[in-house]
Amino acid sequence: MMFKTTSLNNLEILCDGPLVSSLPQSYFRSSSQLSNSHGPGFAKVNRRDGAGGWAPVESNKYQWLEVDLGERTEITAVATQGRYGSSDWVSSFLLMFSDTGRNWKQYRQEDSIGAFTGNSNADSVVQFKLQQPVFARFLRLLPLDWNPNGRIGLRLEAYGCPYKSDVASFDGSGCLLYRFGPNTTPILTAKDTISLKFKTLQNSGTLIHTEGQHDRSLTLELHKGKLFLHLRKGTVLITSHMVVSLGSLLDDLHWHHVAIERVSGHVNFTVDKSTQQIQVPAELSPFEINEISFGGVQCHGTQMVLSRRNFHGCLENLLWNEVNVNDLAKQHQKGNVTFTCAEPVSVPVTFAGAQSFLQLPGAALHLQFRTWNRAGLLLTFDLQQQVGSLWLYLSETRVRLQIHKAGRILLDIATGFGLNDGQWHSVDLTARRGRLTITVDEEESSTAHASPSFPVVSGNNLFFGGCPDSKNNQECRNPFNVFQGCMRHIHVDNNPVDLIKVQQMLIGNYSDLQIDMCGIIDRCSPSHCEHGGRCTQSWSTFHCNCSNTGYSGATCHSSVYEQSCEVYKHKGNTTGLYYIDVDGSGPIKPQLIYCNMTDQTWMVIQHNNTELTKLKASSGMNQHLAYFNYSADAEQLGAIITQAEHCEQEVFYHCRKSRLLNTPDGSPFTWWVGRTDEPQTYWGGAVPGSQQCGCGLQGNCIDSDHYCNCDADRKEWAADSGLLIHKENLPVRWVVVGDIQRPESEAAYRVSPLRCHGDKNFWNAAFFNKETSYLHFPTFHGELSADISFLFKTTASSGVFLENLGIKDFIRVELSSPMDVVFSFDVGNGPFEVRVETGGMALNDDRWHRVRAERNVKEASLCVDAFPGATQKAPADGHIHLQLNSQLFVGGTASRMKGFLGCIRSLQLNGRTLDLEERAKITPGVSPGCPGHCSSYGNLCQNQATCVERYNGFSCDCGLSAYAGPFCQREVSAYFKPGTSVQYTFKEPYELTRNTSTQSQSSSIYSDLTLRGENVSFSFRTTQSPALLLYICSYYREYLAVLLNRNGKRQRDKKKYRSIFLFTGPILEDFNLTSDTEFNAIKSVVLGKVQESGELDPEIARLNSLGFSGCLSVVQFNSITPLKAALLYPNTSPVIVTGPLSESTCGSSSPANPYPAETTHPLSDHSGTVGTGEPIVNAIKSDSALIGGVIAVVIFVILSALAIIVRFLYRRKETFHSQEPKSIKPEADSPEYPFHSEPTSQNVLSENQKEYFI
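Residues numbered from 1 in each chain as written. Predicted model: local features only at pLDDT ≥ 70, side-chain atom pairs only at ≥ 80, totals over all residues. Heavy atoms only, no water.

In the nomenclature of an unreviewed UniProt entry, the protein chain is known as Contactin associated protein like 3 of Hucho hucho. Under the Sequence similarities (unreviewed entry) heading, UniProt states for the protein chain: "Belongs to the neurexin family." Taken directly from UniProt, the Subcellular location (unreviewed entry) text for the protein chain runs: "Membrane". (UniProt positions renumbered as here; feature names shortened; annotations may be inferred.)

Right, here's the structure in full:
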């Protein structure tokens, strides 16, 4: 087995020598021994001396075996063995270490695993290499479990090598100074390092202070158990200051390693196993050190503005660039500094569990405690003379004292605040002369008094932390939470309690305590909360507050936002502002971006200067520099551009006597710089490196001798514009305009926003057509946090989506049955499984389904579509690192489980998309891409639209719909004035057989001209009545008219009739109008005023002369959509538009998006509501909508009584079978024409008008 190597005078040696086997028996101690032959001195691996090893009198959890190595030693491994020739062995144990044989510290694997796995028999040796070496003199092993058919039996060995230690001890008043002399002033190098170790019981003090040139200084300060690194410029006036914090609970009287490494423009700050990289501002770098002070700042002759406490404790191995400065600094010491480490005696005790308590005899007391919990019992005892019971406890981070008797509170006082911060806090409880006092941290402001009417004198026993677990125990009762934390400096009757005697059962009583150690752990340092989540903790766990971060989950790992506008679109969302998190759970922050949801989904990134900027010649100005600050930062922009299929940015340059690129052979006057930070000398419409504009590439410049219009240098205004489409150079970050110094020069430029469309990640897919086929990728690295998300569709009943194996660890996601998805893994605590069941809904329906699995140090979760997710908590003190070493298998498995048949799409691991398509191109049995998206997304196409398959996604064909937009959800509306007319003209009858529709917009242009039924639908909004809304006529003088009546009466005449009524409301009413006879050879459909009014019925002509004033929307006559044809296809449709007409939103009556948005956590620095599915809107509109709705209901009741639509079918058919034409006689029950009253005056369309739907 290989061990860590240690450098000694540039000679590499192995640090793996045995440390225990050669020690005399006097160097071994134990809690007890079964007999002299079972003593601790016989506990040496592979030795048979005595009874073959150590065995205690009793086998319980309070036993221990201790070894004194003689001096501080570097320990790299330990080994255990059972007692020779017996059934005695230890199956699990804790490993403790100490410098003095007091104040023990537990060795932890991965900062969470305390227990080591021991032996399974008495003979084999089990050896553990320590992940981090231990530097200590004393080792102690505490058995946790042993052979149930035997007893505790143990032999021990440790491996390592000697450790060289130079120490200095500081008493809080002294310091050491190392000053570089004239001949030793350090040369400014690319790398400088300061390193040391320290130990202390004080939670504050200055460890290092350096002075450098140009008033720069560096200070390393311990404050409340944390290390703070200060970088400053200035002495009396601090002009620049940067501070970084690292570490926690460093006042535990154990050695902690610190290193400060300057490399070029950044600093690496290391405390124990945590490192933070700091980017140093230019004003604080470079940093040349003139002198270094250890232990305080008073060693410097200059007057410092810092008012810091000096360090009280020990420093070890002070190194500057690998040079030990201990000896060099001794000649410049100030105050009391010694060069041995004198440690104060402090014996803490840990209350770790629900059964922990300490029982002591005595009365008045003083103690110190530290904890993370907000509540817990500190002390309880019964008062003499049966006065009652006293409880001293933590409640909502305060110390509270209550005295109870028979369920009544006789006394209740509290003091202190925020006492669950992990720091040591003192509590003094005194009762003198009828006055009861509680003091916290010896501060007058944290003192509470009471004057009870009864004596406060304790009975026989004090109980700390909790009570004995006994139903018959009447002396101690705890109605509060147990205390979990550490105590020390316990004084009873003004005398310190010897906790070592308590451990030896010589005084008092206890249960489930760890004496002579404080086992508190800071679970928030380093924090496992990601993306700025705020970490809070209790004794046994931590919690992440993800509010206002844009992330969710137990560790704020998963983004609540989508990764592109494309994803939002395919969730049914429409144009608006959305938060985009380009890399999902990766480090890039979410950004608010405008999504333009057209046929192509555009992401639009604005910058600070999109307006046209004009430039004129100015004295002293040779160049103009314009910098563009985008709404997204450089990292976000790079990720957006890389992910997009296409990006573009339009640039404009208007010129008069101002040359652009100085073509063909001159040096460019104007250039721009993109994200590569390299000057680009081509303009929009050209290619990189060409030094051309778009006209030069197309060969149509105004002067053929130049490649840009502006390079002709004419006095007339000219322009060069075009699109920059090469993604590697986008976006335009700044532009330099050069030819503006001549008196006649004028120029103007504009750079449009960056636009990108497409999402290569979202549609990246592979089809697995064999169970034995798979794709392989490099090992997945998700040691502490791992999230896996993808979409799949299949017809198979089961299969493995992906799998990655380690030596023992693994991670796997699989479809175990048509209705079960399973996420399984092992990080060293045994296999875990999280399962989502779909409740009878099959997932092998050949539709896309979304899977998201996440595993972190707190829990594992699995979500499938919108089904209820599943979560499983991680063990409180289990392994947390996922260690994998094989290739990642996708669509198959290395363990020969059943592979996957079907499609996998958009596979992302920790926010990074795997390129399935590229790998599938070279893999047998796997095909790139996966068609068939309409089965999953077709329901997004609304209003009779048709879903059309595309290679990457789908589109909605709105050809048969009166609506438009990406999902055919946008109402096509227009506001009509009295003179506005839209006439849709059909082909002549004899051309009928040659004009069937084959185009996507066919329903807007052509239709069958012989009808047996008419389906008319539209909505309108107007204040005019009566009015002619729609008119249809044929080549045979038949017509159909839709009119709005004024008086609401329906009359009949003797003609054939069909009548319909107009009902108002927010729902579109479709009416099928059928006729007894065919409506042949339709000539035209007219909206608004009929221009050819020569043959109109007189009454209709009278209404037509007024025109129509109002809004028409989503007009459809059978398959004809005349208004849509006029607005969207005016050049290809047979429409004639007279008067003003433009598309309007006047017909919109409800939100276009019928799909509810997901609830998310909006970032707090933007107003309005921002979610995964809802664009930002003004919140005031919701109130307006409510008020408007009430008004609309009132108007609806009034107008519904007035509005009637009567449709006339007037049939005039000329025949030539005889000389006299035959007239058509009206039937006796035909309605009379209802429009006899005078029309009302025309009113302006207002918000109070109601919209009607037919």
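How do you make sense of the overall build of the protein chain when you look at a structure like this?
When helices and strands are counted, the protein chain shows 10 helices and 86 strands. Of the contacts made within the protein chain by residues no fewer than 6 positions apart, 71% connect residues no fewer than 24 positions apart. For the protein chain, the exposed surface amounts to about 56,100 Å²; the carbon and sulfur share of it is 50%. (Helix = DSSP H or I, 4+ residues; strand = E, 2+ residues; numbered from the N terminus. Contact = heavy atoms within 4.5 Å. Areas by Shrake-Rupley, 256 points an atom, 1.4 Å probe, with all protein chains shown as cover.)

What's the story with the sheet that holds strand β52 (residues 679–680) in this structure? I'm lost.
Paired through backbone hydrogen bonds, the strands of a sheet run either parallel or antiparallel to each other. Judged by pairing direction, the sheet is antiparallel, and its four strands sit side by side in the order β49-β54-β51-β52 without closing on themselves. Taken across any chain shown, the strands that pair with only one partner, and hence form the sheet edges, are β49 (624–627) and β52. Note: β49 against strand β54 (residues 734–737), four bridges, orientation antiparallel. Paired with Tyr 627 across the two strands is Trp 734, which belongs to β54. (Pairing = 2+ DSSP bridges.)

Mind showing me how you'd approach the confidence of the model for the protein chain here?
Averaged over every residue, the pLDDT of the protein chain is 83; residues scoring 70 or more account for 83%. This model gives residues 990–1009 a pLDDT under 50, and the stretch forms 40 contacts once residues within four places in sequence are excluded. Note on residues 1151–1254: pLDDT under 50 across the span, and 249 contacts to partners over four residues away in sequence or across chains. (pLDDT = per-residue confidence, 0-100.)

Explanation requested: the state of the cysteines in the structure shown.
Disulfide: a covalent bond formed between the sulfur atoms of two cysteine residues. The full count for this structure, using the stated rule, is 17 disulfides. With a sulfur-sulfur separation of 2.0 Å, Cys 314 is cross-linked through a disulfide to Cys 341. Taking the sign of the S-S torsion, 100° for the link of Cys 314 and Cys 341, the bridge is right-handed. Residue Cys 314 is located in strand β22 (residues 312–320), and its partner Cys 341 is located in the loop between β25 (337–338) and β26 (349–351); the two are separated by 27 residues in the primary sequence. (Disulfide = S-S within 2.5 Å.)

Explain the sheet that holds strand β32 (residues 408–415) to me, please; I cannot follow it from the model alone.
Read from one edge of the open sheet, seven strands run β32-β31-β30-β29-β36-β27-β39, paired in antiparallel fashion. In this open sheet, the two strands that pair with only one neighbour each are β32 and β39 (509–511). Across the sheet, the mean angle separating the axes of adjacent strands is 15° when strand polarity is ignored. Relative to β39, strand β27 (residues 357–361) runs antiparallel, the two sharing three bridges. Each residue of the ladder has a partner; that of Leu 358, found in β39, is Tyr 510. (Axes fitted to C-alpha atoms, helices over the stretch in contact; angles between N-to-C directions.)

What exactly am I supposed to notice about unusual backbone geometry here?
Note that the residue after Thr 663, namely Pro 664, is joined by a cis bond; omega there is 10°. For Pro 664, the position within the fold is in the loop between β50 (646–656) and β51 (671–673). The linkage connecting Leu 730 with the following residue, Pro 731, adopts the cis geometry, with an omega of 0°. Looking at where Pro 731 falls in the secondary structure, it is placed in the loop between β53 (718–724) and β54. The phi dihedral of His 489 is positive, around 50°, even though this residue is not glycine. Of note, His 489 is situated in strand β37 (residues 485–492).

I keep staring at the packing of aromatic side chains and nothing clicks. Help me out?
When we look at a pair of aromatic rings, we describe it by the centre distance and by the angle of the planes. Taken as a whole, this structure holds 32 aromatic pairs when the rule is applied. Ring geometry for Phe 1018 against Phe 1020: centres 6.2 Å apart, planes inclined by 45°, an arrangement best described as tilted. Take Phe 1018 and Phe 1020: they sit in the same class, and that class is buried. Within the aromatic cluster, the residues linked to one another by ring pairs are Phe 768, Phe 790, Phe 792, Phe 801 and Phe 900. The ring of Trp 64 has Arg 140 lying over it, and the distance from NZ or CZ to the ring centre is 3.7 Å. Residue placement shows Arg 905 over the ring face of Phe 762; its charged tip is 4.5 Å from the ring centre. (Phe/Tyr/Trp six-rings, centres within 6.5 Å; stacked < 30°, edge-to-face > 60°. Buried < 20%, exposed > 50% of the residue type's maximum accessible area, 1.4 Å probe, protein only. Lys NZ or Arg CZ within 6 Å of the ring centre and 35° of its normal.)

Could you clarify how one ought to interpret the pairing of strand β64 (residues 849–855) in this entry?
The two faces of a sheet get side chains in turn, since along a regular strand they alternate between them. Here β64 lies mainly inside the structure; five of its seven residues are buried. Taken together, the seven bridges between strand β59 (residues 786–793) and β64 define a ladder with antiparallel strand orientation. Note on β64: the bridge partner recorded for Phe 792 is His 849. Note: β64 against strand β65 (residues 859–864), five bridges, orientation antiparallel.

I tried to follow the nonpolar core on my own but got confused; where do I start?
Here is a general trend for soluble globular proteins: nonpolar side chains tend to be buried in one another's company. If you look at the biggest cluster of nonpolar residues, it comprises 52 residues, and the most contacted ones within it are Ile 580, Ile 605, Tyr 653 and Leu 754. With residues up to four places along the chain from it excluded, the contact list for Ile 605 reads Ile 593, Tyr 630, Ser 631, Ala 632, Leu 637, Ile 640, Pro 753 and Leu 754. Membership of the second largest hydrophobic core comes to 44 residues, among which are Leu 378, Ile 403, Phe 483 and Val 492. (Core = buried A, V, L, I, M, F, W, Y, C linked by side-chain atoms within 4.5 Å.)

Explanation requested: the side chain of Ser 936 in the structure shown.
Relative to the helices and strands, Ser 936 is located in helix α7 (residues 934–937). A polar contact is formed between the side chain of Ser 936 and the backbone nitrogen of Trp 848, at a distance of 2.6 Å. If near-sequence neighbours (up to four positions away) are discounted, Ser 936 is found in contact with Arg 847 and Trp 848. (Polar contact = N/O pair within 3.5 Å; in protein donor to acceptor, adjacent residues only side chain to side chain.)

Looking at this structure, how should I read the side chain of His 624?
Following the sequence through the fold, His 624 ends up in strand β49. At 2.9 Å, the side chain of His 624 and the side chain of Tyr 749 are in polar contact. Setting aside its immediate chain neighbours within four residues, His 624 contacts Leu 615, Val 735, Val 736, Val 737, Ile 740 and Tyr 749.

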